[in-house]
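Structural description and commentary
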Amino acid sequence: MKSFWNAFTIFAFCHLALTLKAQNFSTALSNFNIRNPQEKIYLHYDKDYYIAGETVWFKAYLFHNGMPSTLSHNFYLEMQDANGNVIASKKYPVAGASVKGSIDLPDSLPQAAYVVRAYTAAAADFQLPELLYKKTLFVFNSSEKHIKTATIYGKAVTLQFFPESGNFVDGITNVVAFKATDPLGRPVSVKGVVNSNDGVTFPFNSYHDGIGKLSLRPVAGKKYTATIEGNAITYSLPEVQPAGITLNVQDEKGGKLFTVNRSKNNKGSFQKIILVAQINNLVVYENEINFEDYLSVKGHLLTDSLPSGILHFTAFNEDRMPLAERLAFIDNKEYMVNGSFVSTKEGVGKRQENEIEIRFTDNMQKSLSVSVTDLSGIIPNEKETIGSYFLLTSNLKGHVYNPSWYSKHTNDSVKIALDNLLLTHGWSRFNWKKILVGELAAKQSEDVYLLSVSGSVKDEKGLAVKGGRLNVYVEDKDSATKNYDIPVSDNGRFILDSLLFYGRTRIFYNYFLKGENKPVSLNLDSAVTDVAVQFLPVLLPPCFDGSLSSSGTVEKLALQKPKETKQLETVTLQAKSNKRPIDIVNEKYTSALFRPMGKLTLDNVNYPANNRSMSVVDYISNSIRQVELKGDRFVSTKNQSVTMLASISNVVSYDPYGKPVREQKANQPATKNTVAPADPGNASGEKWAVDVLLNEMPITVASLKAIRMDEVALIKYYDAGFIGSGTNGSGGTVAIYTKQQNDAPTKDIMLNHTYYHGYSITKEFYSPDYAVPDP
């Protein structure tokens, strides 16, 4: 690797003495980077637009200083409408600098543009909306009767002028960039002239997407205005500064050619200049330039060993106050990996399978996501790629139109257009004035490892307890359970950290003081990171105001609107039913194969167990006389005399014809005629195994122990020979069905509990089986 310092050579009108002097710029930027690390986020979606009722699948990538980020453990996402109403709010754990997630769009979601914002605690600390990831997604709704049309206020063009390095200085040939946009913020190609008040004109013409540049030598005291062909509006250029410096940067082979100019007026105030260049928050060039008697200094900075991205030049005076700033782009392609798409199976017929492999020439570990979309679908004009975002637009102020265009091509005309773009957008990542004096942003949130549950423990009088221990039983939406025994401080505080669970989670708890169980209540704290960016406003790009415009990008969306579907009038059917409660529960949960009544059917919705905190394994052992627990499995008990050992007061079951049978009360022996005949057993002398199914899928008894009876709706037992039994069900089958969310609420369970929202549950991307002719 070439040395950055050896790469620098200096030229002037005669010999120029340069003195390298430490100004602590590297130290200041390093401290800033440690205290306020800047994390970038990019989301790859499965589609460019959506229809209400669909699922948005995405993969998020985290980036820090040119590398995959290891800063954050938690990732947050919000989807909002134009009024700031939250449509969806998600929280995910970060693994391998990436996150997989999904958003379910309601069927009733109005047709409009919506903003997705993603952030981490590190990203939210800066309190700057432009640093957060945001993406506008358009959602269609076929029930919309009319397409809204945005109001266009005339055909006025906004024309802005940006002197290179921020200064329009007297007597120096200045490069001035310009940007022309319409009322919706879209680029407009323009051609016109700049006029001085003494009649001198300077022609200009936009180069790409309404952006271009011109050169002129301004004179202090003169006024400069611009006009566009076919437009009577007059636009003003910035006022000319009587004294100052300018910083010009141009591309050259292998590096950048920079020129620092100072004005003749008051040139003594600009005798010494400190030039600093940084990329990825790392100072790669720092030098003190002494002009002596010269007005212009040129230098070369080799960049072929630098990482790709925005190179940020800043010129300071001796008091370390920034005087001029210039952005330049480096593209060494080191981030590119050689790969190819190879079609291994092709079929163009209806529902024929196609296979495409992605192959790479190296063995470097990679994190990938691939989206396959309909080529005839909507292709928005504004596109962003992971490369254009991380390397370019995430560092710039303002909206960049179609940024992917600058990264897809590498010819000289694109490089010129990219440099013009940088002239019209300022640096957004930090302010040199603040970091040089140590003015660093205060941390607004803390990123803890995974989930952390904390709070206070209060007694029956509402007072904080003193000491003791909490026995905590955490049960997530998937019925995965974990037990914890944690201390309580003298002020009644507790904390349980490094947790990983998903969905709405119940936390059961018991409080013990000196070995005695005491009644208490838990008051959980709010997670700071969950509200870290509430102060940030909603930012919709001007061309997506939630409606369809009369021309341009969004009009194309309207012209290519998805195929309409005809919505029939609502029809209400009313039917009389003589179904018993057990029939309703049975039809709701079972498939056709399991619909017939079993040998024994336990309805836990209409006749819930008294002790609903009981494990379903214990309940089955005590309630179904035909099975018993033997080690880690259920086996048949046909060779045993029947004695009721149930711990519940009453067990209501149903015979194969659906007739309710009230069993014996707990701990009462069965009558004499209930003794079953002896079981001949099998050849090995072992009892026959009983097949166990959860929601008609095989499950082990060990996994079943995590399920409590308050989660169970229905339990059915089938004798041996049932067609739904698996290969291990020689002794019969036990089918357990868990409750759905819309089941009628039951009584409170016996243990105290509270709720906590864990990480969002990510749906698996739907992959249809095309081998099935009629899915």
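Check the entry above for the structure.
Residues numbered from 1 in each chain as written. Predicted model: local features only at pLDDT ≥ 70, side-chain atom pairs only at ≥ 80, totals over all residues. Heavy atoms only, no water.

Side note on the overall build of the chain
Selection criterion: Elements are defined by DSSP. Helices are runs of H or I of four residues or more, strands are runs of E of two residues or more, and each kind is numbered from the N terminus. Type-normalised accessible area, obtained with a 1.4 Å probe on protein chains alone, sets the label of each residue: buried when under 20%, exposed when over 50%, and partly exposed for intermediate values. A contact between two residues is defined here by any heavy atoms of the two lying within 4.5 Å. Using a 1.4 Å probe, the Shrake-Rupley method yields the accessible areas, and only the shown protein chains count as cover for residues.
Secondary structure summary: the chain contains ten helices and 44 strands in total. Classification of the 775 residues of the chain by burial places 46% in the buried group. Put simply, of all contacts in the chain between residues at least 6 apart along the chain, 69% involve residues at least 24 apart. Counting every atom, the chain has about 40600 Å² of accessible surface; 51% of that belongs to carbon and sulfur.

Focus on the sheet that holds strand 13 (residues 174-181)
Stated precisely, the cut-off is as follows: Only strands joined by at least two bridges in the DSSP assignment are considered to pair. Here, axes are lines fitted to C-alpha atoms. For helices the fit covers the stretch in contact, and angles between N-to-C directions go from 0 to 180 degrees.
Reading across the sheet, the three strands line up as 12-13-16 and stay open at both edges, with antiparallel pairing between neighbours. Among the strands making up the open sheet, the edge pair consists of strand 12 (158-163) and strand 16 (211-216). If you compare each strand with its neighbour and ignore which way they point, the axes differ by 25° on average. Direction of pairing for strand 12 relative to strand 13: antiparallel, over a ladder of six bridges. Directly across from leucine 159, in strand 13, lies its bridge partner alanine 180. The sheet contacts of helix 5 (residues 412-423) involve strand 12, strand 13 and strand 16, and relative to strand 16 the element is tilted by about 80°.

What to know about the nonpolar core
Selection criterion: By nonpolar core is meant a set of buried Ala, Val, Leu, Ile, Met, Phe, Trp, Tyr and Cys residues that side-chain atoms within 4.5 Å join together.
Leu43, Tyr45 and Phe75 are the most contacted members of the largest nonpolar core, which totals 31 residues. Elements with a minimum of two residues in this core: strand 3 (40-45), strand 5 (55-64), strand 7 (74-80), strand 8 (86-93), strand 9 (98-104), strand 10 (112-119), strand 11 (133-140) and helix 3 (386-391). Broken down by element, the residue count for this core peaks at six residues, all from strand 5. Sequence-distant contacts of tyrosine 45, that is, excluding residues within four places in its chain, are made with Tyr50, Val56, Trp57, Phe58, Val116, Tyr133, Lys135, Leu137 and Ser371. Counting residues in hydrophobic clusters, the runner-up holds 26 residues, among them Phe32, Phe329, Leu392 and Leu396.

Section: the sheet that holds strand 10
Ordered in space as 4-11-10-7-8, the five strands form an open sheet in which the pairing is mixed. One side of each edge strand has no neighbouring strand; the edge strands of this open sheet are strand 4 (50-51) and strand 8. In terms of strand pairing, strand 7 meets strand 10 through five bridges, oriented antiparallel. For tyrosine 76, the partnering residue across the bridge sits in strand 10 and is tyrosine 119.

Describing the packing of aromatic side chains
As a reminder, the rule being used: The criterion for an aromatic pair is that two Phe, Tyr or Trp rings (for Trp, the six-membered ring) have centres within 6.5 Å, with stacked assigned to planes under 30 degrees apart, edge-to-face to planes over 60 apart and tilted to the rest. Criterion for a charge above a ring: Lys NZ or Arg CZ within 6 Å of the ring centre, and within 35 degrees of the ring normal.
Evaluation of the coordinates by the stated rule reveals 22 aromatic pairs. Relative to phenylalanine 178, the ring of phenylalanine 161 has its centre 6.2 Å away and its plane inclined at 50°; by these criteria the two rings are tilted. Highlighted residues: phenylalanine 161 in strand 12 and phenylalanine 178 in strand 13, separated in sequence by 17 residues. Just as phenylalanine 161 is buried, phenylalanine 178 falls in that class too. For the ring pair phenylalanine 161 and phenylalanine 204, a centre distance of 6.1 Å and an interplane angle of 90° mean the geometry is edge-to-face. Here the residue phenylalanine 161 occupies a position in strand 12, and phenylalanine 204 occupies one in strand 15 (residues 201-205), the gap between them amounting to 43 residues. You'll find phenylalanine 161 and phenylalanine 204 in the same group, each marked buried. Every member of this aromatic cluster is reached through a ring pair, and the members are Tyr42, Phe63, Tyr133, Tyr389 and Phe390. When the ring centre of phenylalanine 25 is taken as origin, the NZ or CZ atom of arginine 320, which lies over that ring, is 5.8 Å away. Positioned above the aromatic ring of phenylalanine 360 is the side chain of lysine 366, whose terminal nitrogen or guanidinium carbon lies 4.6 Å from the ring centre.

Some words on the pairing of strand 3
Within strand 3, five of the six residues are buried, leaving the element largely enclosed by the surrounding structure. Note that strand 3 and strand 5 share six bridges and pair antiparallel. Note that in strand 5 the partner of histidine 44 across the bridge is lysine 59.

Side note on helix 8 (residues 581-589)
Which entries qualify depends on this criterion: Here the arc refers to the set of directions running from the helix axis out to each C-beta atom.
Those residues of helix 8 lying buried are Ile582, Asp583, Val585, Asn586 and Tyr589. The arc that holds every buried residue of helix 8, seen down its axis, measures 165°, which confines them to one face.

Thoughts on the layout of surface pockets
Quick reminder of the rule: Only protein atoms enter the calculation, which uses a 1 Å grid: trapped sets of points that fit a 1.4 Å probe without letting it out are cavities, open sets showing protein on both sides within 12 Å along at least five of seven lines are pockets, and any residue with an atom within 4 Å of a point is a lining residue. Grid points are joined across faces, edges and corners, and a volume is the space filled by probe spheres set on the points. Amino acids outside the nonpolar list (Ala, Val, Leu, Ile, Met, Phe, Trp, Tyr, Cys, Pro) and the charged list (Asp, Glu, Lys, Arg) are all regarded as polar, and Gly is one of them.
Roughly 1500 Å³ of volume is contained in the second largest pocket. Along its surface, the second largest pocket is lined by 42 residues, and Val370, Ser371, Val372, Phe765 and Tyr766 are the ones closest to its centre. Of all the secondary-structure elements, those providing two or more residues to the lining of the second largest pocket are strand 3, strand 5, strand 8, strand 9 and strand 27 (355-360). For the lining of the second largest pocket, a count of residues per class yields 19 nonpolar, twelve polar and eleven charged.

Side note on empty space enclosed by the protein
Throughout the structure, instances matching the rule amount to four cavities of 30 Å³ or more. Estimates place the volume of the largest cavity at around 180 Å³. What lines the largest cavity is a set of 18 residues, and nearest its centre among them are Lys40, Asn65, Asn280, Asn281 and Asn395. Broken down by secondary-structure element, the contributors of at least two residues to the lining of the largest cavity are strand 5, strand 21 (272-279), strand 24 (309-316) and helix 3.

Observations regarding unusual backbone geometry
One non-glycine residue, asparagine 65, adopts positive backbone phi at about 50°. If you trace the backbone, asparagine 65 turns up in the loop between strand 5 and strand 6 (67-68). Residue asparagine 65 is classed as partly exposed on the basis of its relative accessible area, which comes to 26%.

So, helix 1 (residues 25-35)
Residues Phe25, Ala28, Leu29, Phe32 and Asn33 constitute the buried set of helix 1. The arc that holds the buried residues of helix 1, viewed along the axis, is 135°, so those residues lie on one side. Looking at the buried side of helix 1, the elements it contacts are strand 5, strand 21, strand 22 (282-290), strand 24 and helix 6 (432-436).

Everything listed here is a matter of coordinates, which is why it stays silent on function.
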